[in-house]
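Notes for the structure review
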Amino acid sequence: MGSMPSDAETLQSTIPGRPRVDRLGEGKVFIIAGRCGRLANRMVLFANFAAFVEEHGYRLVNPTFQSYADLFETTRRDIYCRYPVADRRSLVDMVPGAAPLIRKARLFAHAARLAGKLNERVPVFGSRTRTVREGWVTHTSLEDPEVQARFEGANRIFVFGWAYRAPACMRRHAGKIRAYFKPIDKHNQAGGRVVEHLRRRAGLVVGVHVRHGDYRVWRKGRYFFSVERYVLWMREMERQFPGRKVSFLICSDEARNPQEFDGMDVGFGTGVPVEDIVALASCDYIFGPVSSFTQWASFYGNKPLWHVRDLNEGIDPQKFCVSFLEEIPQ
């Protein structure tokens with residue numbers, strides 16, 4: 001099993017021969033200008049670009065992450081949500097009260113979106129500023145030379161779309177990316193306590209993501225499974241570990257009742273998304289429907305994940321593997 005990232009993991013690195021700089025006017029900088037869903041979706045996109053710029057010595061600015069910036073140790077101190085972490089705080093961050101107001105109004109996110117769209121129509125920012133737009137479903141590999149060729153000659157690139165991925169970079173720089181996305185202590189501790197409580201009475205803890213809410217209609221309910229079906233999968237999971245006490249952490253977007261899991265040792269997430277991600281990441285195994293939420297939990301905790309794709313699928317330990325955020329949930 002993997003382990004959760006430690007505080008000792010470094011947040012910054014400099015690739016030999018590729019010096020980092022903080023000023024946006026120097027070097028190649030990517031600006032994520034298109035919003036893409038909620039917390040997990042935005043972290044997945046952010047992380048893939050962060051791994052890519054880490055690999056090449058570029059820089060990244062993500063104003064679309066400002067809605068969730070306060071949840072993480074690094075981004076809460078940086079109004080621009082930059083990767084790698086800047087050497088110096090910006091003037092905006094040093095003005096008392098300015099950053100919260102800007103985040104609440106999403107001023108920088110709106111400005112980046114408008115600037116990117118304007119530049120797409122008229123090159124008002126010069127020939128070295130480019131707008132690149134991709135779809136929401138088709139996988140776009142940042143490691144593909146043809147994709148990288150679209151960035152050549154530019155020092156600022158506004159990017160729109162969610163399906164950008166860099167799996168090889170994610171694997172090589174996983175430690176730095178995990179460290180960058182460490183939640184603030186309040187949420188880190190709250191999520192961890194849930195699993196610690198279960199571990200006191202079990203040798204193995206399995207995280208179960210019961211996604212109902214929007215999954216009733218998303219993809220025409222393709223990944224909506226009843227609680228009764230989850231219970232059957234949980235019982236199958238227990239049988240994979242004879243002689244070991246198995247407890248289950250249930251994270252759901254709806255209130256759940258212990259009686260729904262009669263006869264099983266269960267605990268429940270807090271219902272706060274970032275805390276539920278931390279809790280799932282602290283488990284030994286994770287399963288649930290196709291979702292970026294559990295993808296992130298698997299990646300962040302370095303824990304094996306199985307995405308349920310069909311009502312009739314059975315538990316198979318060989319299907320569990322750590323996610324490096326390459327899959328496009330669809």
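Here goes a summary of the coordinates provided.

Pairing within the open sheet is mixed, and its 5 strands lie in the order β3-β2-β1-β6-β4. Since the sheet does not close on itself, it has two edges, and those belong to β3 (82-83) and β4 (129-133), each with one partner. Pairing analysis gives 4 bridges linking strand β1 (residues 29-32) to strand β6 (residues 156-160), with the strands arranged parallel. In the strand pairing of β6, Phe30 is matched with Ile157. Contacts from helix α1 (residues 39-56) reach β1, β2 (59-61), β3 and β6 within the one sheet, and its direction differs from that of β1 by about 175 degrees. Along the sheet face, helix α4 (residues 107-121) touches β1, β4 and β6 and points at about 100 degrees away from the line of β4.

Looking now at the sheet that holds strand β10 (residues 266-268). With respect to topology, 5 strands assemble into an open sheet ordered β10-β9-β8-β11-β12, the strand pairing being parallel. The sheet terminates laterally at β10 and β12 (305-308), the two strands that pair on one side only. In this sheet, neighbouring strand axes are inclined to one another by 20 degrees on average, regardless of whether the strands run parallel or antiparallel. One ladder, built from 3 bridges, connects strand β9 (residues 246-252) with β10; its direction is parallel.

Moving on, we get to the nonpolar core. Counting 63 residues, the largest nonpolar core has Phe30, Phe49, Leu60, Ile177, Phe181, Leu249 and Trp296 as its most contacted members. Examining the composition of this core, we find that 12 residues originate from one element, α1, more than from any other. One finds Val208, Tyr223, Tyr230 and Val266 within the second-largest nonpolar core, a separate group that totals 27 residues.

A few words on the environment of Arg200. By the secondary structure assignment, Arg200 is in the loop between α8 (185-199) and β8 (204-210). Along the backbone, Arg200 and Ser247 are 47 residues apart, and their C-alpha atoms lie at a distance of 10.0 Å.

Turning next to the layout of surface pockets. Its volume calculated, the largest pocket comes out at about 690 Å³. Lining the largest pocket are 30 residues, and of these Arg38, Arg211, Asp214, Ser292 and Phe293 lie nearest its centre.

With that settled, the discussion passes to unusual backbone geometry. In terms of backbone geometry, most residues other than glycine have negative phi values and most peptide bonds are trans. Here the amide bond leading from Tyr83 into Pro84 is cis, since omega sits at -5 degrees, within 30 degrees of zero. Looking at the secondary structure, you find Pro84 in the loop between β3 and α2 (91-94). Positioned with a positive phi, Lys220 is a non-glycine residue whose angle comes to about 55 degrees. On the secondary structure map, Lys220 appears in the loop between β8 and α9 (227-239). Overall, Lys220 belongs to the exposed group, its relative accessible area being 84%. In this structure, Asn302 is a non-glycine residue whose phi angle is positive, near 60 degrees. Locating Asn302 in the fold gives a position in the loop between α11 (292-301) and β12. You can call Asn302 partly exposed: its relative accessible area is 22%.

About the thresholds
Residues numbered from 1 in each chain as written. Predicted model: local features only at pLDDT ≥ 70, side-chain atom pairs only at ≥ 80, totals over all residues. Heavy atoms only, no water. Pairing = 2+ DSSP bridges. Helix = DSSP H or I, 4+ residues; strand = E, 2+ residues; numbered from the N terminus. Contact = heavy atoms within 4.5 Å. Axes fitted to C-alpha atoms, helices over the stretch in contact; angles between N-to-C directions. Core = buried A, V, L, I, M, F, W, Y, C linked by side-chain atoms within 4.5 Å. Buried < 20%, exposed > 50% of the residue type's maximum accessible area, 1.4 Å probe, protein only. 1 Å grid on protein atoms, 1.4 Å probe; cavity = no way out; pocket = protein on both sides within 12 Å on 5 of 7 lines; lining within 4 Å. Points joined across faces, edges and corners; volume = space filled by probe spheres on them.

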